Amino acid sequence: MIEIRHLHALIALAETGNLSKAGRRLHLSQPALSHQVKSIESHLGVPLFERKSNPLRLSPAGERLLGTAHEIVKQMRQCERDVARIAEGKAGQLRIAVECHSCFDWLMPAMDEFRVAWPEVEMDLVSGFQPDPTGLLVEDQADLVIVSKAPPRKDIVYHPLFRYEVLALLAHHHPLTRKRFLTAQDFAKETLITYPIPDDRIDLMREVLGPLGVNPVRRTAMLTVAILQLVASQRGIAAMPGWAVQPYLERRYVARRPVRKSGLFSNLNAATTRALSGTAYMREFIATMKKVSFDSLKGITPVDH
């Protein structure tokens, strides 16, 4: 029989046009997604897609089922929200603390999408660099914070959003561009440009330079674009999430290199209190953030559990 997961698979394939992107959205491997499609086709006895089309094109039967899939998924989501509102009440607040300005590129669309479905939830942003982001949760100054570092803390729950690579960023004529990747020692004699946050929240310092005792000269800037401008002007080098600087890399504003031969990878997390983590609107907002980020960002992958 056709299940809800099959309808989600059909919608994702129709919207993305290929198995790879659809699987990425649904956090499924290509073989698993292909198996779901074959299962539906076997049940219906007709093909849903035109074979060997790139991008994938729906067959007439697929188009008919897609229309029904959209209606059913929409009705199921509305039903779940209605039940949740009945169980939890209609009011709530969602104060979101975020430091990385690049997060706004996908966070704002996620907030807009969520607001349509949950108009009763009052949303607000707590911006600025905080010495202890998760402390805002404990002090009831925020309901959700976006962080890469996830140290164990009583009554704090971390919800992984996605995994990303931290890239070294250099001016195009910097001597280090001759290297295939950068090591900790390559940073030793350089000026490192970062956000004005503690070292334990900078992936490069926490995972690579700190353990080896490498402490380069520092310079800080509040905005991503300001850091990149300093790098392009040969005032120093930086190490930032690839997804955050992808538009600048595509325009060849700066050069990039992996950190270490194996690369430097980290996770972006949404932190909440344990009490709020179980609420329906928080679960849905986290799911919406994941969906929007995977739809809009390049170079990110699901977090393995």
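So, how was this worked out
Residues numbered from 1 in each chain as written. Predicted model: local features only at pLDDT ≥ 70, side-chain atom pairs only at ≥ 80, totals over all residues. Heavy atoms only, no water. Phe/Tyr/Trp six-rings, centres within 6.5 Å; stacked < 30°, edge-to-face > 60°. Helix = DSSP H or I, 4+ residues; strand = E, 2+ residues; numbered from the N terminus. Buried < 20%, exposed > 50% of the residue type's maximum accessible area, 1.4 Å probe, protein only. Core = buried A, V, L, I, M, F, W, Y, C linked by side-chain atoms within 4.5 Å. 1 Å grid on protein atoms, 1.4 Å probe; cavity = no way out; pocket = protein on both sides within 12 Å on 5 of 7 lines; lining within 4 Å. Points joined across faces, edges and corners; volume = space filled by probe spheres on them. Nonpolar A, V, L, I, M, F, W, Y, C, P; charged D, E, K, R; others polar. Contact = heavy atoms within 4.5 Å.

Enquirer: Give a description of the packing of aromatic side chains that names residues and reports values.
Expert: Overall, the coordinates contain nine aromatic pairs when judged by the stated rule. Geometrically, the ring pair formed by Trp106 and Phe162 is edge-to-face, given 6.0 Å between the ring centres and 75° between the ring planes. With Trp106 in helix 5 (residues 104-117) and Phe162 in strand 4 (residues 156-170), this pair connects stretches of sequence that are 56 residues apart. Of the two residues, Trp106 and Phe162, neither departs from the other in class, the shared state being buried. Both rings, one in Phe114 and one in Trp118, keep their centres 6.1 Å apart while their planes meet at 10°; by these two values the pair is stacked. Here the two residues Phe114 and Trp118 agree in accessibility, since each one is buried. Clustering of aromatic rings is evident, with ring pairs tying together Trp106, Phe162, Tyr164, Trp243 and Phe294.

Enquirer: Account for the nonpolar core, with residues named and values stated.
Expert: One finds Trp106, Trp243 and Met289 to be the most contacted residues of the largest nonpolar core, which totals 70 residues. With 17 residues, the next largest nonpolar core counts Ala12, Ala22, Val37 and Leu65 among its residues.

Enquirer: Talk me through empty space enclosed by the protein; I want residue IDs and the actual numbers.
Expert: Following the criterion strictly, the structure yields one cavity of 30 Å³ or more and no others. Approximately 30 Å³ is the volume attributed to the largest cavity. If you trace the largest cavity, you find it lined by Ala97, Val98, Glu99, Gln130, Pro133, Val145, Ile146 and Val147. When residues of the lining of the largest cavity are traced back to their parent elements, those giving at least two are strand 1 (92-98) and strand 3 (144-147). A total of three residues in the lining of the largest cavity trace back to one element, the largest contributor, which is strand 3. Its residues assigned to classes, the lining of the largest cavity shows six nonpolar, one polar and one charged.

Enquirer: Tell me about the environment of Phe285, and please be specific about residues and values.
Expert: Position of Phe285 among the secondary structure elements: in helix 12 (residues 280-296). On the basis of relative accessible area, Phe285 is assigned to the buried category, the value being 0%. For Phe285 and His172, which are 113 residues apart along the polypeptide, the C-alpha to C-alpha distance reads 40 Å. Not counting residues within four places of it along the chain, the set of residues in contact with Phe285 comprises Leu94, Ile96, Leu107, Ala110, Met111, Phe114, Met123 and Leu144.

Enquirer: Lay out the side chain of Thr273 in plain terms, naming residues and giving numbers.
Expert: One can find Thr273 in strand 9 (residues 264-273). Residue Thr273 is classed as buried on the basis of its relative accessible area, which comes to 19%. With near-sequence residues (within four places) excluded, Thr273 lies in contact with Leu137, Asp155 and Ile156.

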